[in-house]
Amino acid sequence: MRHLPYFCRGQVVRGFGRGSKQLGIPTANFPEQVVDNLPADVSTGICYGWASVGSGDVHKTVVSIGWNPYYKNTKKSMETHIMHTFKEDFYGEILNVAIVGYLTPEKNFDSLDSLISAIQGDTEEAKKRLELPEHLKLKEDNFFPVPKSKIMNGH
């Protein structure tokens, strides 16, 4: 994928309702318009990077881009699992995502357990890769809004 890092931003919309409920892995979903505007060379599969909600803190993230073959989706989606526990839902907020690397192509699974296991493995691998200096520096990219708590003396 030539376009990495790839930066995207959009309002969080309701997804399929599977992330938290079926998988135990909550995701934030972009509207179709954001997904439809991805560069042509952004491969479907699992990516990793950084994300923030509004002007909140920047956290590690894994992103699934594609058709979710296990669920037989008819519309391409982009689901972002932010590695942080939020106190409440944030539908309608602005999600900022910087995709910095690619992990695996999209694939189907023979059971929900094997899907969950793969997601957990991808999440652990993303955590490790995001500790690399070339990825860590993107956490501070000026693409991410500065949290109000970090503004000092009006700057």
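Relevant structure appears above.
Residues numbered from 1 in each chain as written. Predicted model: local features only at pLDDT ≥ 70, side-chain atom pairs only at ≥ 80, totals over all residues. Heavy atoms only, no water.

S.K.: So what's going on with the pattern of salt bridges? Residues and values would help.
M.R.: Throughout the structure, instances matching the rule amount to 3 salt bridges. As a salt-bridge pair, Glu-124 and Lys-127 come within 3.1 Å of each other at their nearest N and O atoms. Of the two residues, Glu-124 and Lys-127 are both situated in helix α3 (residues 112-129); the distance of 3 residues between them amounts to about one turn of the helix. Residue Glu-125 pairs with Arg-129 through a salt bridge whose shortest N-O separation is 2.8 Å. Taken together, the residues span about one helical turn, with Glu-125 and Arg-129 both in helix α3 at a distance of 4 residues. For Arg-129, a relative accessible area of 28% corresponds to the partly exposed category. (Salt bridge = Lys/Arg side-chain N within 4 Å of Asp/Glu carboxyl O. Helix = DSSP H or I, 4+ residues; strand = E, 2+ residues; numbered from the N terminus. Buried < 20%, exposed > 50% of the residue type's maximum accessible area, 1.4 Å probe, protein only.)

S.K.: Hey, could you go over the environment of Ser-77 for me, with residue numbers and the actual values?
M.R.: Relative to the helices and strands, Ser-77 resides in strand β5 (residues 77-82). The exposure class assigned to Ser-77 is buried, which follows from its relative accessible area of 9%. It is 7.6 Å that separates the C-alpha atoms of Ser-77 and Phe-30, two residues lying 47 residues apart in sequence.

Functional significance is not addressed by these values, which are geometric in nature.
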